[in-house]
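One letter stands for each residue in the lines below.
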Amino acid sequence: NIDAFIQLLETTTFAEREMKPNNNPLLPFNTSESGLTTQELKVIGLFYHGMLGTEIAQYLSLSPRTIENHFMNIKSKLNCHSTSHIIPILLQRSTL
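Keep in mind that what you see is a predicted model, and the values were worked out from it rather than measured.

Draft legend 1. Layout of the pattern of salt bridges. Tallied over the entire structure, the rule returns two salt bridges. Where K77 meets E40, a salt bridge forms, and the shortest distance between an N and an O atom there is 2.8 Å. Taken together, the residues K77 in helix α5 (residues 64–78) and E40 in helix α3 (residues 38–48) connect sequence positions 37 residues apart. Residue class for K77 comes out partly exposed when judged on its relative accessible area of 36%.

Draft legend 2. The environment of S34, seen in detail. Along the chain, S34 falls in the loop between α2 (14–19) and α3. A relative accessible area of 11% places S34 in the buried class. Once the C-alpha coordinates of S34 and K77 are considered, the two residues, 43 residues apart in sequence, prove to be 7.1 Å apart. Once residues within four sequence positions are removed from consideration, S34 is found in contact with K77 and L78.

Draft legend 3. Summary view of the packing of α3 against α5. Two elements in contact, α3 and α5, have axes separated by 10 Å at closest approach and are oriented at 95 degrees. Judged by the inter-axis angle, α3 sits roughly perpendicular to α5. Across the interface between the two elements, Q39, E40, V43, I44 and F47 from α3 touch I67, H70, F71, N73, I74 and K77 from α5. Per-class residue counts for the contact of α3 with α5 are six nonpolar, three polar and two charged.

Criteria and cut-off values
- Residues numbered from 1 in each chain as written.
- Predicted model: local features only at pLDDT ≥ 70, side-chain atom pairs only at ≥ 80, totals over all residues.
- Heavy atoms only, no water.
- Salt bridge = Lys/Arg side-chain N within 4 Å of Asp/Glu carboxyl O.
- Helix = DSSP H or I, 4+ residues; strand = E, 2+ residues; numbered from the N terminus.
- Buried < 20%, exposed > 50% of the residue type's maximum accessible area, 1.4 Å probe, protein only.
- Contact = heavy atoms within 4.5 Å.
- Axes fitted to C-alpha atoms, helices over the stretch in contact; angles between N-to-C directions.
- Parallel < 35°, antiparallel > 145°, perpendicular 65-115°, else oblique.
- Nonpolar A, V, L, I, M, F, W, Y, C, P; charged D, E, K, R; others polar.

Here is the structure:
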């Protein structure tokens, strides 16, 4: 469930996630080497679970513009040009 995913991100440190990259059963890919922040991981997780930008903004109590900025930063860090490519890129990197 999405609330469990958010709680996991909020209760573990970045270092703990680096040491246990597969401790997140709600995302089917390894995000530990992506350089993504906790907030960016929340956005990706919610996006993966079917939420759109405005829904993510509402769920996280952030502005839609902030979510757009997170998506821009995520795409930059993953070197992808389209939001729709974020999940496939993370899945591909996890299988390498």
